[in-house]
Amino acid sequence: MNEKKIGIRRRLRELEQPRLPDEDRRSERSLDAILNATIELVLSNGWQGLTIDGIAARAKVGKQTIYRWWPSKGAVLFDAAMAGGFAWPDFPETDDFQADLRSAVRNLVAEFSQPSFSALMRVLLVGAQEDRELARKVDGFISDEPVRTTISRIERAAVEGQLDVSVDPSGLADLIFGAVFRRWLLGTGKLDFEFADAIAAMATKAAGPA
């Protein structure tokens with residue numbers, strides 16, 4: 001079981017009153033069923049086709065069980081995506097920033113090329129247009145971990161003399177992620193390793209040591 005699913009279970013369990021062991025096991029089974037049903041339904045029916053009624057029916061639980069843990073279908077969907085291993089790839093950490101960036105962009109392209117990741121991301125973006133709280137969570141997911149770790153790696157490269165110290169780490173990270181995200185979102189060209197390598201090469205060339 002991945003750490004995100006364990007964390008979600010722990011957080012949701014804290015919302016309930018202490019239970020007997022048998023009730024805990026039933027609660028765990030219900031939680032798994034709800035999360036799995038949500039992913040299955042949203043991948044087959046999309047955001048508009050996802051409903052609390054539908055999740056409850058597929059998971060074989062009552063609607064009140066879902067509402068005990070989540071206030072909306074957007075909240076269920078986000079937790080289901082996170083529990084299913086929906087995550088950004090790590091940014092490599094070696095002494096060669098150019099090689100690290102090339103690997104990082106390739107990893108990002110590979111993640112967006114996975115059908116399940118791509119489909120879930122698109123559904124989350126659609127849902128974010130209607131659900132303000134989901135929009136906040138999706139924005140944090142997109143902006144926090146991947147961009148933050150990239151900025152940190154860029155700052156380290158500048159200190160080590162591998163990049164121009166005048167380069168804006170945040171701006172460079174936005175250029176890298178923006179290029180990949182735009183091509184994935186709009187389908188303006190192939191999203192492959194050739195494209196990833198070109199982005200990494202242009203970024204390091206433009207931000208190379210003065």
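The numbering scheme is per chain: residues are counted from 1 as the chain's sequence reads. Reporting in this predicted model follows two pLDDT cut-offs: at least 70 for local features of residues, and 80 or more for side-chain atom pairs to be given and counted; totals over whole chains, interfaces and linings ignore these cut-offs and use all residues. With hydrogens and water excluded, all non-hydrogen atoms of the structure serve as input to the side-chain values.

### So, the pattern of salt bridges
Salt-bridge detection follows one rule: a side-chain nitrogen of Lys or Arg within 4 Å of a carboxyl oxygen of Asp or Glu. Summed over the entire model, instances satisfying the criterion amount to 10 salt bridges. Note that R58 and E40 form a salt bridge whose closest N and O atoms lie 2.7 Å from each other. Here R58 is found in helix 3 (residues 52–59), whereas its partner E40 is found in helix 2 (residues 21–45), with 18 residues between them in sequence. Residue D53 pairs with K63 through a salt bridge whose shortest N-O separation is 3.2 Å. In this pair, D53 is assigned in helix 3 and K63 in helix 4 (residues 63–69), connecting sequence segments 10 residues apart. We classify K63 as partly exposed; its relative accessible area is 39%. Only DSSP runs of H or I reaching four residues or more are called helices, and only runs of E reaching two or more are called strands; each is numbered from the N terminus. Burial classes follow relative accessibility: with a 1.4 Å probe on protein chains only, a residue under 20% of its type's maximum area counts as buried, one over 50% as exposed, and anything between as partly exposed.

### Describing the packing of helix 6 (residues 97–113) against helix 7 (residues 115–128)
An axis is simply a line fitted to the C-alpha atoms; with a helix, the fit covers only the stretch in contact. Between two such axes, the angle follows the N-to-C directions and lies from 0 to 180 degrees. Here helix 6 crosses helix 7 at 75°, and the two axes come no closer than 5 Å. Classed by the angle they form, the pair helix 6 and helix 7 counts as roughly perpendicular. Residues E111, F112 and S113 of helix 6 form the contact with helix 7, whose participating residues are P115, F117, S118 and M121. Each angle is binned into one of four classes, with values under 35 degrees roughly parallel, values over 145 roughly antiparallel, values of 65 to 115 roughly perpendicular, and all other values oblique. Should any heavy atoms of two residues lie within 4.5 Å, those residues are considered in contact.

### Considering the packing of aromatic side chains
Two aromatic rings from Phe, Tyr or Trp, using only the six-membered ring of Trp, form a pair when their centres are within 6.5 Å; if the ring planes differ by under 30 degrees the pair is stacked, by over 60 it is edge-to-face, and anything between is tilted. Tallying each qualifying case throughout the model produces eight aromatic pairs. Ring pairs connect the aromatic residues W88, F112, F117, F141, F181 and W184, which therefore count as one cluster. The side chain of K73 reaches across the aromatic face of W47, ending 4.2 Å from its centre. Should the NZ of a Lys or the CZ of an Arg lie within 6 Å of a ring centre and within 35 degrees of the ring normal, that charge is described as sitting over the ring. It is R122 that lies over the ring of W184; its NZ or CZ is 4.3 Å from the centre.

### Some words on the nonpolar core
Judged by nonpolar contacts, the single largest core of 63 residues is most densely connected at I34, I55, I66, W70, F86, F112 and M121. When residues in this core are grouped by element, the largest group, eight residues, is from helix 5 (residues 73–83). Sequence-distant contacts of I55, defined by excluding residues within four places in its chain, comprise I34, A37, T38, L41, L50, I66 and V76. Remark: nonpolar core denotes a set of buried residues (Ala, Val, Leu, Ile, Met, Phe, Trp, Tyr, Cys) joined through side-chain atoms within 4.5 Å.

### Notes on helix 10 (residues 169–186)
By definition here, a helix of n residues has an expected span of 1.5 Å times n minus one. Between its first and last C-alpha atoms helix 10 spans 25 Å; for 18 residues at 1.5 Å apiece the expected length is 26 Å, and the two agree. All of the buried residues along helix 10 are P169, L172, A173, I176, F177, V180 and W184. Elements in contact with the buried residues of helix 10: helix 6, helix 7, helix 9 (145–159) and helix 11 (193–206). By the criterion applied in these results, polar contacts are pairs of N or O atoms within 3.5 Å in which, for protein atoms, one can donate a hydrogen and the other can accept it, and in which residues neighboring in sequence qualify only through two side-chain atoms. The backbone nitrogen of S170 has a side-chain oxygen 3.2 Å away, supplied by the residue at the start of helix 10, namely D168. Count one or two residues on from helix 10 and you reach G187, which has phi positive near 60°.

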